[in-house]
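What the coordinates show
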Amino acid sequence: EPPVLASIESSSLTYAENGVGVPISNTLIVAEPDNGVINSASIGISTGFVAGEDSLVFTNQSGIAGSYNAITGVLYLTGQASAAQYQSAIRSITYENASNAPANVSRVIQIEVADDLYTSNTVSRNINVVATNDAPTVQLSALLMSIQENTTISAPIDIADIIVTDIDGGTNTLSLSGAHAGLFQ
């Protein structure tokens, strides 16, 4: 008989931008009706995967080794182990996102395991990635280091190049205020 996966959470997993990795499941049950061994597992981000952002992180354990394909979003686990050991291994996998401006799309993780003859049913769980609006940064590169005291200025002068970087995109407005603001450009 094929292995059976059950009891994965029905609620969506939530990951906050720049947060620590979150376990993909705390309740998944892996069963092997024949009391045999599990040989492998496949855990993949099947919908909404964004290469360079999404990753599934696993630490080798109990004779089970993991190999993550960052191009396809699939984590492969291999090595003969009991159903309980695979259950523990899969529960230890975390989802992470490396982007400071993650794609605002829902992801779906799909999980299946296999013994030496059969592949289990597939279970899935949604992941919601919550982006935050990061503050823009401002960098000044001085063009004019000083002006003599009591110097009469009759036309606007350039004093610095201003570079605004906003990782989240959008529009930024800069302004200069003060009694002599009109003398600068």
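Reference entry: report on the structure contained in this document. (Residues numbered from 1 in each chain as written. Predicted model: local features only at pLDDT ≥ 70, side-chain atom pairs only at ≥ 80, totals over all residues. Heavy atoms only, no water.)

Some remarks on the nonpolar core
Core analysis: the largest hydrophobic core is formed by 30 residues, its most contacted members being Ile43, Leu77, Ile90, Tyr95 and Ile111. Apart from residues no more than four positions distant in its own chain, isoleucine 43 is found in contact with Ile24, Leu56, Gly73, Val74, Leu75, Leu77, Ile90, Ile93, Ile109, Gln110 and Ile111. (Core = buried A, V, L, I, M, F, W, Y, C linked by side-chain atoms within 4.5 Å. Buried < 20%, exposed > 50% of the residue type's maximum accessible area, 1.4 Å probe, protein only. Contact = heavy atoms within 4.5 Å.)

Side note on the pairing of strand S7 (residues 65-69)
Pairing between S7 and strand S8 (residues 74-81): 5 bridges, direction antiparallel. Bridge assignment links serine 67 to a residue of S8, and that residue is tyrosine 76. Once S7 ends, the chain turns through 4 residues before running back antiparallel as S8, passing glycine 73 with a positive phi of about 80 degrees. (Pairing = 2+ DSSP bridges. Helix = DSSP H or I, 4+ residues; strand = E, 2+ residues; numbered from the N terminus.)

What to know about the pattern of salt bridges
By the definition in use, this model includes 3 salt bridges. Note that arginine 125 is salt-bridged to glutamate 9, the shortest N-O span being 3.5 Å. Placement of the pair is arginine 125 in strand S11 (residues 123-130) and glutamate 9 in the loop between strand S1 (4-6) and strand S2 (13-16), with a sequence separation of 116 residues. Note on accessibility: arginine 125 and glutamate 9 belong to one class, buried. One connected set of salt bridges, linked through shared partners, spans Glu53, Asp54 and Arg107. (Salt bridge = Lys/Arg side-chain N within 4 Å of Asp/Glu carboxyl O.)

Some words on helix H1 (residues 83-91)
All of the buried residues along H1 are Ala83, Tyr86, Gln87, Ala89 and Ile90. Projection of H1 onto a plane perpendicular to its axis shows the buried side chains occupying an angular sector of 165 degrees, all on one side. For H1, the elements touching its buried residues are strand S4 (29-31), strand S5 (38-47), S8 and strand S10 (107-114). (Arc of directions from axis to C-beta.)

Some details on unusual backbone geometry
A positive phi angle, near 65 degrees, is found at asparagine 18, a position not held by glycine. Within the secondary structure, asparagine 18 is located in the loop between S2 and strand S3 (22-23). For asparagine 18, a relative accessible area of 49% translates into the label partly exposed. The residue asparagine 35 is not glycine, and still its phi comes out positive at about 55 degrees. Looking at the secondary structure, you find asparagine 35 in the loop between S4 and S5. Of the residues examined, asparagine 35 reaches a relative accessible area of 72% and is grouped as exposed.

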